Amino acid sequence: MSIIENITNPSRKGSVSHNFRSKRFEFFKYLLNKLPRPVKILDIGGTQSFWESMNFNEPDIEITLLNLEVQETTSPNFKSVKGDATNLSMYSDKSFDVVFSNSVIEHLFTKEKQVLMAKEVERVGKNYFIQTPNYWFPIEPHWVFPFFQYLPFSFKVYLTNNFNLGHIKKIKNKEKAIQQVKEIRLLTLREMQNLFPNAKIYLEKFLGLNKSFIAYKFEI
């Protein structure tokens, strides 16, 4: 495993990425523990393996994993559904005690879709905890490439088309490389505040810089 993977692989214990996730999750559990049981959580874009990697095992908490495709689950505490983060019309208002999402809202291609997801989070969740990387952090977190997000679009496509960079492996098909570059739209602090005007914003810092943001609202 490369040095970069040792730093950025969130599933590798001891990596910088895993340590950030663990610290973030401790903050989430602090908020969650203030809620009465039982608790229903909607995890947008999540996996059972993520919760297990955080050593989370509470029998009175039900977690619904919402993804573009149904995933296999092996615990009665988890169920997986197919859905779209921008349209949660299968759920009524305040259906969940908590809506949780980790590094998903930046994958929706456009600002308009990010607005739709934020509105749905506010609608179906009594509380929520939404994390996303910071546009202004100098290392782009998907390609793990300095200042990648500020490069001309055509150059980003070229790099994606020709090199393995961070979590994005070389995509030889140019159209697919274009789609991959279009998929990621990182958010600024002001944009995050505008998307979730009722939330508090927790700033995750690395070397004094804002690495990512968490918009959270817990009515306790």
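Not measured: the values here are computed from a predicted model.

Visitor: Describe in detail the pairing of strand 1 (residues 39-44), supporting the description with residues and values.
Guide: Successive side chains on a regular strand alternate, one facing one side of the sheet and the next facing the other. In terms of burial, strand 1 is a largely internal element, five of the six residues being buried. Where strand 1 lies against strand 2 (residues 61-67), six bridges are found, and the strand directions are parallel. In the sheet register, Val39 faces strand 2, and the bridge partner there is Ile61. A crossover links strand 1 with its parallel partner strand 2, the connecting element being helix 3 (residues 48-53), and its sense is right-handed. Here strand 1 runs beside strand 4 (residues 96-102); their pairing, made up of four bridges, is parallel. Directly across from Ile44, in strand 4, lies its bridge partner Ser101.

Visitor: Describe the packing of aromatic side chains, naming the residues involved and giving the relevant values.
Guide: All told, the structure shown has 28 aromatic pairs when counted by the stated rule. With a centroid separation of 5.8 Å and an interplanar angle of 35 degrees, the aromatic rings of Phe50 and Phe100 are classed as tilted. A residue pair is termed long-range when its members are at least 10 positions apart, and Phe50 in helix 3 and Phe100 in strand 4 qualify at 50 residues. A centroid spacing of 6.1 Å and a plane angle of 80 degrees characterise the contact between Phe145 and Phe148, whose relative ring orientation is edge-to-face.

Visitor: Describe the sheet that holds strand 9 (residues 209-217), with residues and values.
Guide: Strands sit in the order 3-2-1-4-5-9-8 across an open sheet of seven strands; the sheet is mixed. Where the open sheet ends on each side, the last strands, each with one partner, are strand 3 (78-82) and strand 8 (200-206). Going from strand to strand, the sheet's axes swing by 20 degrees on average, the running direction of each strand aside. Inspection of the sheet shows strand 8 paired to strand 9 by seven bridges, in the antiparallel sense. Looking at strand 9, one finds that Lys200 is bridged to Tyr216.

What counts, and at which threshold
- Residues numbered from 1 in each chain as written.
- Predicted model: local features only at pLDDT ≥ 70, side-chain atom pairs only at ≥ 80, totals over all residues.
- Heavy atoms only, no water.
- Buried < 20%, exposed > 50% of the residue type's maximum accessible area, 1.4 Å probe, protein only.
- Helix = DSSP H or I, 4+ residues; strand = E, 2+ residues; numbered from the N terminus.
- Pairing = 2+ DSSP bridges.
- Right-handed = clockwise from strand over helix to strand, strands pointing away.
- Phe/Tyr/Trp six-rings, centres within 6.5 Å; stacked < 30°, edge-to-face > 60°.
- Axes fitted to C-alpha atoms, helices over the stretch in contact; angles between N-to-C directions.

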